[in-house]
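Chain by chain, the residues run as shown.
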Amino acid sequence: MNKFLKALIPLILFLALAVLLFYGLGTDPRNVPSPLIGKPAPSFSLPALEDPSRTVSNADLEGKISLVNVWASWCVSCRAEHGELMELSREEEDIQILGFNWKDDAGDAMQMLKMYGDPYLVTAFDPNNEAGIDWGVYGAPETFVVDPQGVIRYKRVGPIDRKVWEQKLRPLIDGIRAQGTKGET
């Protein structure tokens, strides 16, 4: 009986691993729950990419709905979503898009914005992941929706395209807009 049990152990381990892998195939890797949802955005104070003498901080998030977009010039997906961000910056006047340049070289980042356009109101420069770690950033692109009170309402892992905007972000932002108008009456 002892030899029989020893022979079953690899089979049991294989089956357990197969079940876990099968389960993983059915999940969306972009749907990463963030412990920051519903909480104030983590405090940060970083130099602006375009003007290092200017400081970008939580104060820049207050008063308007903000999309905080984590990006880098070396990130292929960031370049893919850049056109959509340019369109949103023109179409959505009551939303501000703040850049969060992450683990990048300032010269390369500035060159990318010069080449493709700059959709950002301002871009915080975080080459050493000083603030990114507090925001739970582990890759680019990532985008956070922050309400006018500075509370994180949503985190998107991966690029934003028109489908993501229409199906996920716009309905959420419309809800935030509606809450804002109810509070004003």
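Please read these numbers as outputs of a predicted model, since none were measured by experiment. (Residues numbered from 1 in each chain as written. Predicted model: local features only at pLDDT ≥ 70, side-chain atom pairs only at ≥ 80, totals over all residues. Heavy atoms only, no water.)

Undergrad: Go over the packing of helix 2 (residues 76–91) against helix 3 (residues 106–116), please, and point to the residues and values.
TA: Two elements in contact, helix 2 and helix 3, have axes whose closest approach is 11 Å; the angle formed by their N-to-C orientations is 50°. Classified by the angle their axes make, helix 2 and helix 3 are oblique. As for how helix 2 packs across helix 3, the hand of that crossing is right-handed. Facing Cys78, Arg79, His82 and Met86 of helix 2, the residues of helix 3 in contact are Met112, Leu113 and Tyr116. Tallied by class, residues from the contact of helix 2 with helix 3 come to five nonpolar, one polar and one charged. (Axes fitted to C-alpha atoms, helices over the stretch in contact; angles between N-to-C directions. Helix = DSSP H or I, 4+ residues; strand = E, 2+ residues; numbered from the N terminus. Parallel < 35°, antiparallel > 145°, perpendicular 65-115°, else oblique. Left-handed = near helix turned anticlockwise from the far one by under 90°. Contact = heavy atoms within 4.5 Å. Nonpolar A, V, L, I, M, F, W, Y, C, P; charged D, E, K, R; others polar.)

Undergrad: Which residues make up the state of the cysteines, and what values go with them?
TA: Counting across every chain of the model gives one disulfide. The disulfide bridge from Cys75 ends at Cys78, spanning 2.5 Å between sulfur atoms. Because the sign of the S-S torsion sets the handedness, a value of about 80° for the bond joining Cys75 and Cys78 places this disulfide among the right-handed ones. (Disulfide = S-S within 2.5 Å.)

Undergrad: Help me get a handle on unusual backbone geometry, residues and values and all.
TA: The amide bond that connects Ala140 to the next residue, Pro141, takes the cis arrangement and shows omega of 0°. In this fold, Pro141 is placed in the loop between helix 4 (132–135) and strand 6 (142–146). Positive phi, close to 50°, is recorded for Lys103, a residue that is not glycine. In this fold, Lys103 is placed in the loop between strand 4 (95–102) and helix 3. For Asn129, which is not glycine, the phi dihedral falls at a positive 60°. Tracing the chain through its elements places Asn129 in the loop between strand 5 (122–126) and helix 4. Residue Asn129 is classed as buried on the basis of its relative accessible area of 15%. (Buried < 20%, exposed > 50% of the residue type's maximum accessible area, 1.4 Å probe, protein only.)

Undergrad: I'd like a description of the packing of aromatic side chains, backed by residues and values.
TA: Using the criterion set out here, one finds six aromatic pairs in the structure. An angle of 45° between the planes, with centres 6.3 Å apart, marks the rings of Trp74 and Trp102 as tilted. Here the residue Trp74 occupies a position in the loop between strand 3 (65–71) and helix 2, and Trp102 occupies one in strand 4, the gap between them amounting to 28 residues. Classification of Trp102 by relative accessible area gives buried; the value is 4%. Between Phe100 and Trp135, the aromatic rings sit 6.1 Å apart at their centres with planes inclined by 50°, giving tilted as the arrangement. With Phe100 in strand 4 and Trp135 in helix 4, this pair connects stretches of sequence that are 35 residues apart. Taken together, the ring pairs connect Phe44, Phe100, Trp135 and Phe144 into an aromatic cluster. (Phe/Tyr/Trp six-rings, centres within 6.5 Å; stacked < 30°, edge-to-face > 60°.)

Undergrad: Could you give an account of helix 3, naming the residues involved and the relevant values?
TA: Residues of helix 3 that are buried: Ala109, Met112 and Leu113. For helix 3, the angular spread of the buried residues around the axis is 95°, confining them to a single face. Seen from the open side of helix 3, the exposed residues pointing more than 90 degrees away from its buried face are Lys114 and Met115. Residues of helix 3 that are buried sit in contact with strand 3, helix 2, strand 4 and strand 5. Gly117 sits one or two residues past helix 3 and shows a positive phi near 100°. (Arc of directions from axis to C-beta.)

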